[in-house]
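What follows is each chain in one-letter form.
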Amino acid sequence: MKTGKQDAIKGFLLAVYECYLTQIENAKNSDFVPQRLSKLTGVNTTVNSLKFLV
C-alpha cells in the first residue's frame, strides 16, 4: 500500500514539473522548481519534453 501512495505523490510532482515548464514563460529545466522536483522524484528530466505542446 505504501508504494501506491508513493507512486501517486511522484506522479503529482511530475505533473507539477511539466505544468511549470509548459505554463511559465521562459522556464528551463535548470530553474529551481524543476531541479528540486527532479531530485524529489528521482527522475532525471534533462529534456523539456512538453515545450512543443504550448
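What counts and how
- Residues numbered from 1 in each chain as written.
- Predicted model: local features only at pLDDT ≥ 70, side-chain atom pairs only at ≥ 80, totals over all residues.
- Heavy atoms only, no water.
- Helix = DSSP H or I, 4+ residues; strand = E, 2+ residues; numbered from the N terminus.
- Buried < 20%, exposed > 50% of the residue type's maximum accessible area, 1.4 Å probe, protein only.
- Contact = heavy atoms within 4.5 Å.
- Areas by Shrake-Rupley, 256 points an atom, 1.4 Å probe, with all protein chains shown as cover.
- Axes fitted to C-alpha atoms, helices over the stretch in contact; angles between N-to-C directions.
- Parallel < 35°, antiparallel > 145°, perpendicular 65-115°, else oblique.
- Left-handed = near helix turned anticlockwise from the far one by under 90°.
- Nonpolar A, V, L, I, M, F, W, Y, C, P; charged D, E, K, R; others polar.
- pLDDT = per-residue confidence, 0-100.
- Polar contact = N/O pair within 3.5 Å; in protein donor to acceptor, adjacent residues only side chain to side chain.

### Things to note about the overall build of the protein
Here's step 1: Helix and strand content of the protein: 2 helices and 0 strands.
Here's step 2: Relative to its full complement of 54 residues, the protein shows a buried share of 22%.
Here's step 3: Across the protein, every contact between residues at least 6 apart in sequence was considered, and the portion connecting residues at least 24 apart equals 43%.
Here's step 4: Summed over its atoms, the accessible surface of the protein is roughly 4,200 Å², and 62% of this surface lies on carbon and sulfur atoms.

### Quick word on unusual backbone geometry
Here's step 1: The backbone of Asn26 sits at a positive phi, close to 65°, despite the residue not being glycine.
Here's step 2: The topology assignment puts Asn26 in the loop between α1 (2–23) and α2 (32–41).

### Comments concerning the packing of α1 against α2
Geometry of a packed helix pair, given as the angle between the helix axes and the separation of the axes.
Here's step 1: One can describe the packing of α1 onto α2 by two numbers: an axis separation of 10 Å at closest approach and a directional angle of 160°. Our classification of the angle between α1 and α2 gives roughly antiparallel. In this structure, the crossing between α1 and α2 has a hand that is left-handed. Facing α1, whose interface residues are Lys10, Leu13, Leu14, Val16, Tyr17, Tyr20 and Leu21, α2 presents Val33, Pro34, Leu37, Ser38, Leu40 and Thr41.
Here's step 2: Its residues placed into classes, the contact of α1 with α2 shows 10 nonpolar, 2 polar and 1 charged.

### Digging into the confidence of the model for the protein
Predicted coordinates in regions of low pLDDT should not be interpreted in detail.
Here's step 1: In this model, the protein carries an average pLDDT of 84, and 80% of its residues clear a pLDDT of 70 or more.
Here's step 2: Segment residues 50–54 is flagged for pLDDT under 50; beyond a separation of four residues in sequence, or across chains, it makes 6 contacts in the model.

### Brief notes about the side chain of Asn29
Here's step 1: Position of Asn29 relative to the elements: it lies in the loop between α1 and α2.
Here's step 2: Owing to a relative accessible area of 14%, Asn29 belongs among the buried residues under this scheme.
Here's step 3: Looking at Asn29, its side chain comes within polar contact range of the side chain of Tyr17, at 2.7 Å.

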